[in-house]
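Residue-level structural notes
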Amino acid sequence: MEDEASPPMATVPVYALPPEAFREARWFAAEQRWVFGANWNFVAHASALEAPGSYRVVQVGLDSLVLVRDQRGVLRAFHNLCRHRGAPLKAGAGRCASLTCPYHRWSFGLDGRLRGVPQGEAFPDLDREALGLFPAAVGEWHGLLFAHPDPEPAQTLEAALAGTAPALEPFAPGTLSLLHEERVPFAANWKLYVENHVDWLHLWHLHENTLGAFDHPRGQITQAGPHWLSFETHRDDAEAAGFGGVDETL
């Protein structure tokens, strides 16, 4: 029985998924379509597409998208498939003057318009204006790039970030520089990776040198609309414990 003098326990919502959510293909397919494919997704730091002609291929749900900054400096996004036979136009990241299909060499401008068709005489009635790349949506918020497979999403990027922006803005993400980027293959359901991150119990023991300054017991996990925010502040004794100059982090 709870001591009458002790303060009441805070009511915390509990979210539990059934085991099939981590192993069934139908769950995974639905998540790719509705969790990722129907929302704005963070895809890159703006510095990755800073120069005209730079491009990067990203996966958003079931859709492969190619992001590109055209020669006028306009950031654009297209579905990464040629309008001829549907072959992928690009892979990875780099610089280019056009988006040229490696299969039959159909070439598209960085504005998505069909520019070149080898052996054009074989296509006498080709309507080039109707065969441009399928557009997607891309937007920038404080140096962070977000993409959406739909060219005209029901919700703008600003509206999608409305619940999280107040928590992120104090960290001035637009002033930060990208120091390192690495891809880590993870042979498990994506939710296990996310849940491992918010499992603060192991942070005390496995990451003491890098995360030991943070006060895990006072950490907060809150919901803002469809988003979740994970927040930790540094310990009051962080400097005395040898972690001087540590800022709060999300």
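Structure: see above.
Residues numbered from 1 in each chain as written. Predicted model: local features only at pLDDT ≥ 70, side-chain atom pairs only at ≥ 80, totals over all residues. Heavy atoms only, no water.

1. Thoughts on a nonpolar patch on the surface
- Together, Phe-186, Leu-192 and Tyr-193 make up a nonpolar patch on the protein surface, roughly 300 Å² of accessible area in all.
- Positionally, Tyr-193 belongs in helix 4 (residues 190-197). (Patch = residues over 30% accessible without salt bridge, like charges linked within 9 Å, V, L, I, M, F, W, Y side chains within 5 Å. Areas by Shrake-Rupley, 256 points an atom, 1.4 Å probe, with all protein chains shown as cover. Salt bridge = Lys/Arg side-chain N within 4 Å of Asp/Glu carboxyl O. Helix = DSSP H or I, 4+ residues; strand = E, 2+ residues; numbered from the N terminus.)

2. Describing the sheet that holds strand 6 (residues 99-100)
- Strand order across the open sheet formed by three strands is 6-7-8, with antiparallel pairing between neighbours. The open sheet terminates on both sides in strands that have one partner only, identified here as strand 6 and strand 8 (114-116).
- Where strand 7 (residues 107-108) meets strand 8, two bridges bridge the pair, whose relative direction is antiparallel. The partner of Phe-108 across the bridge, within strand 8, is Leu-114. (Pairing = 2+ DSSP bridges.)

3. Regarding the nonpolar core
- Counting residues in each nonpolar core, the largest one holds 18 residues, and the members touching the most others are Leu-89, Leu-99, Trp-106 and Phe-108.
- Elements represented by at least two residues in this core include exactly strand 2 (54-60) and strand 3 (63-69).
- Not counting chain neighbours up to four residues away, the residues in contact with Trp-106 comprise Cys-82, His-84, Leu-99, Thr-100, Cys-101, Leu-114, Gly-116, Val-117, Pro-118, Phe-123, Leu-126 and Leu-131.
- Val-43, Ala-44, Val-60 and Leu-75 belong to the second-largest nonpolar core, a separate cluster that totals 13 residues. (Core = buried A, V, L, I, M, F, W, Y, C linked by side-chain atoms within 4.5 Å. Buried < 20%, exposed > 50% of the residue type's maximum accessible area, 1.4 Å probe, protein only. Contact = heavy atoms within 4.5 Å.)

4. Regarding unusual backbone geometry
- Of note in the backbone geometry, His-142 takes a positive phi value of approximately 50° without being a glycine.
- Here His-142 is to be found in the loop between strand 9 (135-141) and strand 10 (144-148).
- Notably, Ala-172 is not glycine yet its phi reads approximately 45°, a positive angle.
- With respect to the helices, strands and loops of the structure, Ala-172 is situated in the loop between helix 3 (165-168) and helix 4.

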